[in-house]
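Observations on chain architecture
Each chain is listed here by its residues.
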Amino acid sequence: MPRTTPLTATLFALLALTACGRPPELREPPATTGAPRASASATPSNATPTAPATATPSAPAVPPAPTAPAPDPAATPCRGAPSGTRIVALLRGSAGVLPRTVRVTVRTGPLCAEGWHYTVLAVAGHEELQAVTRGRDKLTLVTAGTDVCGVEVRATAPAGIRTLACDGVPGA
């Protein structure tokens with residue numbers, strides 16, 4: 001390996017320093033328009049300070065027009081079909097959820113959204129019973145109980161029914 005002379009090493013070092021430029025901590029900060037620079041003189045000035053220059057305001061950016069989200073169908077009172085009586089009959093009949101001898105009162109609903117229904121029932125001597133059903137001509141029980149936020153309701157029920165069944169306060 002050839003030996004480098006001290007002069008060559010010094011030239012390489014100087015070349016490396018000049019090629020990189022001044023280190024960032026030794027560079028002067030860029031001039032700003034808002035703050036006055038400090039004067040190097042120690043004598044106070046009798047001149048009145050001037051207000052800092054203000055930047056000319058640019059036109060405000062116009063946000064893109066919001067796209068309307070798809071309508072979130074709210075659950076609203078059903079208009080006659082199904083009736084609370086029909087929901088109770090389903091729960092007492094083929095669904096086998098309620099015995100025929102227990103007294104039941106419809107507390108909330110039925111509330112409808114896109115062919116789904118949500119009903120809250122007061123059952124004598126028991127906790128409130130929530131029921132989620134669907135269909136118009138042929139009423140089908142989706143789920144019933146004190147917690148009706150099951151997989152089928154979370155995955156396929158319209159937002160209004162899902163909100164009532166999963167986030168709502170029973171009887172409210």
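Here, every reference points to the structure presented above.
Residues numbered from 1 in each chain as written. Predicted model: local features only at pLDDT ≥ 70, side-chain atom pairs only at ≥ 80, totals over all residues. Heavy atoms only, no water.

This next bit is on the pattern of salt bridges. Following the criterion strictly, the structure yields two salt bridges and no others. Across the pair glutamate 128 and arginine 107 runs a salt bridge, and its minimum N-O distance is 2.3 Å. Of this pair, glutamate 128 sits in the loop between β3 (116-123) and β4 (129-134) while arginine 107 is found in strand β2 (residues 104-113), placing the two residues 21 residues apart along the sequence. With relative accessibility at 22%, the residue glutamate 128 sits in the partly exposed group. Note on arginine 107: relative accessible area 48%, which makes it partly exposed. (Salt bridge = Lys/Arg side-chain N within 4 Å of Asp/Glu carboxyl O. Helix = DSSP H or I, 4+ residues; strand = E, 2+ residues; numbered from the N terminus. Buried < 20%, exposed > 50% of the residue type's maximum accessible area, 1.4 Å probe, protein only.)

With five of six residues buried, β4 lies mostly within the body of the structure. A loop of five residues connects β3 with β4, the two strands running antiparallel in sequence, and glycine 125 in this loop sits at a positive phi of about 80°. Pairing of β4 with strand β5 (residues 140-145) involves five bridges; the strand directions are antiparallel. Looking at β5, one finds that threonine 133 is bridged to leucine 141. If you look at the hairpin formed by β4 and β5, you'll find five residues sitting between the two strands, and glycine 135 has a positive phi there, around 100°. (Pairing = 2+ DSSP bridges.)

Cis rather than trans, the peptide bond between glycine 109 and proline 110 has omega equal to 0°. Position of proline 110 among the secondary structure elements: in strand β2. Here the phi dihedral of glutamate 114 falls at roughly 50°; this positive angle occurs in a residue that is not glycine. Note that glutamate 114 resides in the loop between β2 and β3.

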